[in-house]
Amino acid sequence: MRRGVLLALLLLLPAPLLAQSGSARDTVTRAVRAYEDLDFDLAATLLRRALASALDDSTRVRALAYLGAAEHYRMQPDSAAAAFHQLALLAPGYQPDTLVFAPEVTTLYN
């Protein structure tokens with residue numbers, strides 16, 4: 001009996017971590033929607049919140065790319081540069097998608 005209870009408790013431990021990770025990914029998705037709706041202030045806020053959480057590398061890359069672009073449109077050049085710098089360190093070969101980001105954003109990143 002004790003062994004079964006212990007096993008059940010051990011299986012429940014990773015659940016909060018998965019929930020946090022999923023929640024952060026959901027926040028990035030909401031931020032991308034805000035960006036697409038041209039609500040750059042909300043997008044930046046949500047992206048910063050998500051980046052403060054545990055994210056896998058691909059989601060973190062996506063969040064940093066959108067944060068850099070959002071900060072650019074918020075007229076925050078230092079914040080945009082900082083986001084793009086973090087992105088370049090995380091994924092040195094990354095290139096922003098020219099179908100998603102305007103030439104001024106891709107040029108700024110490069």
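Preceding this section is the structure that the text describes.
None of the values given here were measured: they were computed from a predicted structure. (Residues numbered from 1 in each chain as written. Predicted model: local features only at pLDDT ≥ 70, side-chain atom pairs only at ≥ 80, totals over all residues. Heavy atoms only, no water.)

Participant: Before we move on, can you summarise the overall build of the chain with the specific residues and values?
Facilitator: Regarding its fold elements, the chain presents six helices and zero strands. Overall, the chain shows an N-to-C arrangement of helices and strands of α-α-α-α-α-α. Across the 110 residues in the chain, those meeting the buried criterion constitute 35%. As displayed, the chain offers around 7,100 Å² of accessible surface, 60% of which is attributable to carbon and sulfur atoms. (Helix = DSSP H or I, 4+ residues; strand = E, 2+ residues; numbered from the N terminus. Buried < 20%, exposed > 50% of the residue type's maximum accessible area, 1.4 Å probe, protein only. Areas by Shrake-Rupley, 256 points an atom, 1.4 Å probe, with all protein chains shown as cover.)

Participant: An account of the nonpolar core is requested, with residue identities and associated values reported.
Facilitator: If you look at soluble globular proteins, the nonpolar side chains tend to sit buried side by side. Ranked by internal contacts, the top residues of the largest apolar core, which has 30 residues, are V28, Y35, L47, L87, Y94 and F101. When residues of this core are traced back to their parent elements, those giving at least two are α2 (14-36), α3 (40-51), α4 (57-73), α5 (77-90) and α6 (103-109). The leading source of residues in this core is α4, at eight residues. Once residues within four sequence positions are removed from consideration, Y94 is found in contact with V61, A65, L87, F101 and Y109. (Core = buried A, V, L, I, M, F, W, Y, C linked by side-chain atoms within 4.5 Å. Contact = heavy atoms within 4.5 Å.)

Participant: Requested: an account of the pattern of salt bridges, with residues and values cited.
Facilitator: Taken as a whole and judged by the stated rule, the model has four salt bridges. Here D56 ties to R25 by a salt bridge, and the two come within 3.5 Å at their closest N and O atoms. In this pair, D56 sits in the loop between α3 and α4 while R25 sits in helix α2, placing the two residues 31 residues apart along the sequence. For R25, a relative accessible area of 36% translates into the label partly exposed. Residues D41 and R74 are paired through a salt bridge, measuring 2.7 Å at the closest nitrogen-oxygen approach. Of this pair, D41 sits in helix α3 while R74 is found in the loop between α4 and α5, placing the two residues 33 residues apart along the sequence. (Salt bridge = Lys/Arg side-chain N within 4 Å of Asp/Glu carboxyl O.)

Participant: Kindly report on the packing of aromatic side chains, identifying the contributing residues and their values.
Facilitator: A full pass over the atoms with the stated rule returns eight aromatic pairs. Judged by centre distance (6.4 Å) and plane angle (50 degrees), the rings of Y35 and Y73 are tilted. Residue Y35 is located in helix α2, and its partner Y73 is located in helix α4; the two are separated by 38 residues in the primary sequence. Residue classification places Y35 among the buried positions, given a relative accessible area of 7%. Here Y73 falls in the partly exposed class, since its relative accessible area comes to 26%. Judged by centre distance (6.2 Å) and plane angle (65 degrees), the ring pair of Y35 and F101 falls under edge-to-face. (Phe/Tyr/Trp six-rings, centres within 6.5 Å; stacked < 30°, edge-to-face > 60°.)

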